[in-house]
Amino acid sequence: MALQSMTGFSRGEGALGPCAWYWEARSVNNRGLDVRVRLASGYDVLEAKVRDEIASRFTRGSISVGLNVQRAGAISELRLNEAALAQVTLAAQRVSELTGAAPARIDGLLSIRGVLETAEVIESAGETAARHAEMLASLRVTLDGLIAARASEGARLHAVVESQVDEIARLTGLVEASPARTVEAIKARICALVAKLIETGQGLDPARLYQEAVMIATRADVEEELKRLKSHIEAARDLLASPAAAGRKLDFLAQEFNREANTLTSKANDNEIAAHGLSLKVVIDQMREQVQNIE
């Protein structure tokens with residue numbers, strides 16, 4: 001399993017009878033799982049199931065899901081108001097008796113307001129359940145599409161973070177192999193410093209001078225920082241190869257990388273090592289920005 005990004009978009013459509021709908025699902029990065037559901041009017045009954053479907057698939061990210069519903073036309077039928085027709089028929093007969101007019105025709109009677117009524121068809125519970133089931137089925141397809149979109153972005157992030165870890169390893173190697181870290185180089189710098197002190201003409205206690213030299217050498221030693229950096233590099237590579245969600249752990253490692261790079265740079269007593277330390281901080285900052293989007 002490759003890294004999963006927390007960024008993605010998916011859309012899914014469905015239809016049943018005169019009713020058509022579409023789902024839209026968006027995801028961005030978040031420290032935990034934040035779900036927001038927006039449903040068309042009259043479909044609030046689906047919200048709990050929508051949230052369950054999301055929670056079963058995702059562990060992190062701010063996920064927004066919306067349902068839009070359209071009808072091809074109102075579902076209605078014509079109904080004969082028999083009571084109204086009976087009254088109209090009696091009235092028409094009485095008019096004919098009083099005036100001698102021809103009997104009323106059927107089309108005329110039916111055209112009278114109230115004789116024929118248009119009524120919306122009331123959907124049965126089974127029909128409603130069937131439509132809701134189809135909607136949830138298309139939601140699952142939409143969420144699977146969001147997973148695929150996040151996986152595609154995750155693959156890109158995997159390559160980026162992997163290259164950044166490789167660059168951290170390269171810079172760490174350059175610091176480790178720097179000639180400025182050899183005993184001879186450190187000794188030469190200490191001797192130069194001692195020579196400057198002697199030139200001042202002040203009396204110097206040899207024992208105190210030795211202690212100061214030891215302290216200078218200790219402060220210049222970045223061996224422990226290099227060991228921890230190499231340990232973090234190995235841990236990062238293990239996380240990139242792991243099938244488990246790695247975003248939180250990679251974010252923590254980025255902080256640890258930054259801590260060691262800061263210490264290394266502050267202890268650097270050579271321009272080359274200081275430059276490598278600054279380059280490390282730049283790459284680590286870029287890495288941390290990327291892992292913020294990993295689930």
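Note: the structure precedes this text.
Since we're looking at a predicted model, the values are computed, not measured.

1. Observations concerning the pairing of strand S2 (residues 19–28)
As paired strands, strand S1 (residues 8–16) and S2 are joined by nine bridges and run antiparallel to one another. For Arg11, the partnering residue across the bridge sits in S2 and is Glu24. Here S1 hands over to S2 after two residues, with Gly17 in that stretch at a positive phi of 65°. Examined bridge by bridge, S2 and strand S4 (residues 61–71) share 10 bridges and lie antiparallel to one another. In the sheet register, Trp23 faces S4, and the bridge partner there is Leu67.

2. So, helix H2 (residues 82–99)
Along its 18 residues, H2 runs 26 Å from first to last C-alpha, staying within 8% of the 26 Å computed at 1.5 Å per residue. Within H2, the full set of buried residues consists of Ala84, Val88 and Ser96. Mapping the buried residues of H2 onto a view down its axis gives an arc of 105°, with all of them on the same face. Residues of H2 that are exposed and angled more than 90 degrees away from the buried face: Glu82, Gln87, Leu90, Glu97 and Leu98. Structurally, H2 contributes buried residues whose contacts are with helix H3 (106–111). Gly100 sits one or two residues past H2 and shows a positive phi near 75°.

3. Quick notes on the side chain of Arg150
If you trace the backbone, Arg150 turns up in helix H4 (residues 125–176). Judged by its relative accessible area of 1%, Arg150 falls in the buried class. Here the side chain of Arg150 touches Arg60 through a polar contact of 3.2 Å, landing on its backbone oxygen. Every residue in contact with Arg150, bar those within four places of it in the chain, is listed here: Gln4, Ser5, Met6, Thr7, Gly8, Ser27, Phe58, Arg60, Gly61, Ile63 and Glu295.

4. Examining helix H8 (residues 247–267)
For H8, built from 21 residues, the straight-helix expectation of 30 Å at 1.5 Å per residue is met to within 8% by its first-to-last C-alpha distance of 31 Å. Along H8, the residues classified as buried are Gly247, Leu250, Asp251, Leu253, Ala254, Glu256, Phe257, Glu260, Ala261, Leu264 and Thr265.

5. Focus on the sheet that holds strand S3 (residues 33–38)
Strand order across the open sheet formed by four strands is S1-S2-S4-S3, with mixed pairing between neighbours. With partners counted over all chains shown, the strands left at the sheet margins are S1 and S3, one partner each. Adjacent strand axes in the sheet meet at a mean angle of 15° when their direction is disregarded. Bridge count between S3 and S4: six bridges; the pairing is parallel. Residue pairing across strands places Arg36 opposite Ser64, the latter belonging to S4. Contacts between helix H1 (residues 47–55) and the sheet are confined to S2, S3 and S4, with S3 contributing the most and set at about 145° to the helix.

What counts and how
- Residues numbered from 1 in each chain as written.
- Predicted model: local features only at pLDDT ≥ 70, side-chain atom pairs only at ≥ 80, totals over all residues.
- Heavy atoms only, no water.
- Pairing = 2+ DSSP bridges.
- Helix = DSSP H or I, 4+ residues; strand = E, 2+ residues; numbered from the N terminus.
- Expected span 1.5 Å × (residues − 1).
- Buried < 20%, exposed > 50% of the residue type's maximum accessible area, 1.4 Å probe, protein only.
- Arc of directions from axis to C-beta.
- Contact = heavy atoms within 4.5 Å.
- Polar contact = N/O pair within 3.5 Å; in protein donor to acceptor, adjacent residues only side chain to side chain.
- Axes fitted to C-alpha atoms, helices over the stretch in contact; angles between N-to-C directions.

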